[in-house]
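Residue-level structural notes
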Amino acid sequence: MVHRYKMNNYNIALDINSGAVHVLDDVAFDVLGLYKSSTREEIFNSLAYSQNEIVEAINELKGLESAGTLFSEDAYAGLLDEINGREPVVKAICLHVTHDCNLTCKYCFADEGGYKGSRSLMSFETGKAALDFLIRNSGGRRNLEVDFFGGEPLMNFDVVKKLVEYARAEEKKHNKNFRFTVTTNGLLLTEEIQSYINENMHNVVLSIDGRKEINDNMRKTKTGGGSYDIIMPKFKKLADSRGQTNYYVRGTFTKGNLDFSGDVLHLADEGFKQISVEPVVADASEAYAIQVQDLDMVFKEYEALALKIISRKKNNQDFNFFHFMLDLEGGPCVSKRIAGCGAGTEYLAVAPNGGLYPCHQFVGNEEFKIGDIYSGIKNHSLTEEFEKCNVYTKEACKECFAKFYCSGGCLSNAYNFNKSIQKPYEIGCQMQRKRVECAIMLKAHEAFASL
Amino acid sequence: MKHIKTLNTKLLNNTECQTSVAQ
């Protein structure tokens, strides 16, 4: 399978199974479009190039095919039995230390922090038991991850600090290495908390949507005021204090700002170097939801953003955009490429009461409660369903060119829209495909612009 | 080659980390 497309004056072909990316001239690009479906005579008659040029292009395409970098066979499908046969162990937990929030963001998947339940804080005892559960179920894995999440985790920061201290003591006993992250809306950030985060958190996610009017339309305080003026100076200070690495400013775009490249560039203009602005995932009945009819505009905006990134890089104003980051030279192992985040198997979320869920997005949906940290995983049929979910089990992924860069999409989004973790959220898929195209084009530009 | 340039030299079919893929 080969995906061919044009962007920014590049003719690009992605060989899906090998991952090879080719940049073609117009002759080769047009010949490639007919290469598998037409005879040589038919290609001569269909295209307005000289026979000599067409023959050259055909020979080059044949050479790539022989080398295994065009129309290559799927090398992963045969490995499924080996991958599926492994005993899953837990390596990461998302600790919901706070089911409460000091903002009232309209689009919050967590129901403004409450997760459709009563507002609550995780106790130190519950958090401690969750860390014990993680260590106990992590098998031989040394690197373990804990995300402090909410709601707003800074509303329960004393417990966060105690849990970090406990984990540091336990990791020595069990030969483990904890990696911590925290996600915050920034309202409660202080210099003291900033110092603590810098000393203890490997990654920090700072929630802000971009331009002031965009952010303040969605991310309001309890009294109805905007949050931008409170959080922006704090976030700039925190990002600088971390040397502009190991953090992300993370925003959400909605139907209200389909010109979201303006928000990305605003964050870049404010000095941030690690930026993610992502599409809202919301029921179609919500006024701010992104609908099928919005996709053309979203696609144009992603392409416009890619061009802006190129021009800024020329002027040494570059920044990283989370969804355009693609590693064509390395990449993860096969099992990760085909199954993604490991939700429900190696990554679990823990609610304030100790309940276990496949990931943070499933918390609050009792159908997806798989057990608790005290008695362990009880709903094995559900975890098996997650374990066996990958790009080879999803019909929608089989012919998709982006499958090895997307790993089948978010399982929670799939369930929320299609009531099955095996049926990806189609609007999300379409945006993902456009982002992969943009990311590959950026790589092509990086490699060939100077030639 | 005259008509085609290949971008990457390490490929999928020639194949403890952080939780995520495109890592």
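Residues numbered from 1 in each chain as written. Chains lettered and ligands numbered in written order. Predicted model: local features only at pLDDT ≥ 70, side-chain atom pairs only at ≥ 80, totals over all residues. Heavy atoms only, no water.

1. A closer look at the overall build of chain A
Scanning chain A for helices and strands turns up 17 helices and 16 strands. Compactness check: chain A gives a C-alpha radius of gyration of 24 Å against a globular reference of 22 Å for 451 residues, within 12% of the reference. With respect to the principal axes defined by its C-alpha atoms, chain A has extents near 75 × 50 × 45 Å. A total of 451 residues make up chain A; the buried ones form 56% of that total. Considering only contacts within chain A whose residues lie at least 6 apart along the sequence, 69% involve residues at least 24 apart. For chain A, the exposed area adds up to about 18,900 Å²; of that, 48% sits on carbon and sulfur atoms. (Helix = DSSP H or I, 4+ residues; strand = E, 2+ residues; numbered from the N terminus. Rg over C-alpha atoms; globule rule 2.2 N^0.38 Å. Buried < 20%, exposed > 50% of the residue type's maximum accessible area, 1.4 Å probe, protein only. Contact = heavy atoms within 4.5 Å. Areas by Shrake-Rupley, 256 points an atom, 1.4 Å probe, with all protein chains shown as cover.)

2. Section: the interface of chain B and chain A
On the chain A side, the residues contacting the 22 residues of chain B number 53 residues. Across the chain B to chain A interface the summed buried area is about 3,200 Å²; carbon plus sulfur atoms make up 54%. At the surface where chain B touches chain A, the tally comes to 1 salt bridge. With a shortest N-O distance of 3.0 Å, B:K2 and A:E56 are connected by a salt bridge. By residue class, the composition of the side of chain B that touches chain A is 8 nonpolar, 10 polar and 4 charged. Across 3 bridges, strand β3 (residues 21–24) of chain A lies against strand β1 (residues 4–6) of chain B in antiparallel orientation. The residue of β1(B) that forms the bridge with A:L24 is B:I4. (Buried area = accessible area lost by both parts, 1.4 Å probe. Salt bridge = Lys/Arg side-chain N within 4 Å of Asp/Glu carboxyl O. Nonpolar A, V, L, I, M, F, W, Y, C, P; charged D, E, K, R; others polar. Pairing = 2+ DSSP bridges.)

3. Overview of the packing of aromatic side chains
All names here are of chain A. Counted by the stated rule, this structure contains 19 aromatic pairs over all chains. On the basis of an interplanar angle of 65° and a centroid distance of 4.9 Å, the ring pair of F260 and Y302 is categorised as edge-to-face. With F260 in the loop between β10 (247–253) and α10 (261–269) and Y302 in helix α11 (residues 295–314), the pair connects residues that are 42 residues apart, well separated along the chain. Here Y302 falls in the buried class, since its relative accessible area comes to 0%. (Phe/Tyr/Trp six-rings, centres within 6.5 Å; stacked < 30°, edge-to-face > 60°.)

4. Topic: the sheet that holds strand β7 (residues 143–149) of chain A
Residues and elements named next belong to chain A. In space, the 11 strands of this open sheet follow the order β12-β11-β10-β9-β8-β7-β4-β13-β14-β15-β16, with mixed pairing throughout. The open sheet terminates on both sides in strands that have one partner only, identified here as β12 (320–321) and β16 (376–377). Bridge count between strand β9 (residues 203–207) and β10: 4 bridges; the pairing is parallel. Pairing of V205 across the sheet is with Y248, part of β10.

5. Overview of helix α13 (residues 380–387) of chain A
All names here are of chain A. Every buried residue of α13 is listed here: L382, T383 and F386. Take α13 and look down its axis: the buried residues cluster within an arc of 95°, on one side only. Where α13 is buried, its residues touch β16 and α16 (411–418). (Arc of directions from axis to C-beta.)

6. Some remarks on the nonpolar core
Within soluble globular proteins, side chains that are nonpolar tend to cluster in buried spots. Residues and elements named next belong to chain A. If you look at the biggest cluster of nonpolar residues, it comprises 134 residues, and the most contacted ones within it are L95 and F148. Residue contributions to this core peak at 10 residues, all from helix α17 (residues 426–448). Setting aside residues up to four positions removed in sequence, F148 forms contacts with L95, V97, P153, V160, L163, V164, F180, T181, V182, T183 and M201. Within the second largest apolar cluster, 19 residues are counted, among which are A13, I43, F44 and L70. (Core = buried A, V, L, I, M, F, W, Y, C linked by side-chain atoms within 4.5 Å.)

7. A few points about the pattern of salt bridges
All names here are of chain A. Taken as a whole, this structure holds 20 salt bridges over all chains when the rule is applied. A salt bridge links K36 to E65; its shortest N-O distance comes to 2.7 Å. Of this pair, K36 sits in the loop between α1 (26–34) and α2 (40–46) while E65 sits in helix α3 (residues 51–66); the two residues are 29 residues apart in sequence, bridging distant segments of the chain. A relative accessible area of 51% means that K36 is categorised as exposed. With relative accessibility at 26%, the residue E65 sits in the partly exposed group. Among the salt bridges present, the one from E270 reaches K236, with a minimum N-O distance of 2.6 Å. Of this pair, E270 sits in the loop between α10 and β11 (274–279) while K236 sits in helix α9 (residues 228–241); the two residues are 34 residues apart in sequence, bridging distant segments of the chain. For E270, a relative accessible area of 24% gives the class partly exposed. Overall, K236 belongs to the partly exposed group, its relative accessible area being 30%.

8. With respect to the pairing of strand β1 (residues 2–7) of chain A
Residues and elements named next belong to chain A. The two faces of β1 differ: H3, Y5 and M7 on one face are buried, but V2, R4 and K6 on the other face are not. Looking at chain direction, β1 and strand β2 (residues 10–15) are connected through 6 bridges and run antiparallel. In the sheet register, V2 faces β2, and the bridge partner there is D15. The turn joining β1 and β2, which pair antiparallel and follow one another in sequence, is formed by 2 residues; a positive phi near 50° is taken by N8.

9. Structural notes on the sheet that holds β2(A)
Spatially, 4 strands are ordered β1(A)-β2(A)-β3(A)-β1(B) in an open sheet, and the strand pairing comes out antiparallel. A strand with exactly one partner marks an edge of an open sheet, and here the two such strands are β1 of chain A together with β1 of chain B. Between one strand axis and the next, the sheet turns by 25° as a mean value, whatever way the strands run. This element, α17(A), spans β1, β2 and β3 of chain A together with β1 of chain B of the sheet and lies at about 70° to β1(A). (Axes fitted to C-alpha atoms, helices over the stretch in contact; angles between N-to-C directions.)

10. A look at the pairing of strand β4 (residues 92–96) of chain A
Here β4(A) lies mainly inside the structure; 5 of its 5 residues are buried. Here β4(A) shows a buried face lined by A:A92, A:C94 and A:H96 and a second buried face lined by A:I93 and A:L95.

11. Focus on the environment of A:F386
All names here are of chain A. With respect to the helices and strands, the residue F386 is situated in helix α13. The class for F386 is buried, based on a relative accessible area of 4%. Along the chain, F386 and G344 lie 42 residues apart, while their C-alpha atoms are 5.6 Å from each other. Setting aside anything within four residues of it in sequence, one finds F386 in contact with A343, G344, T345, P358, F362, F368, L411 and I421.

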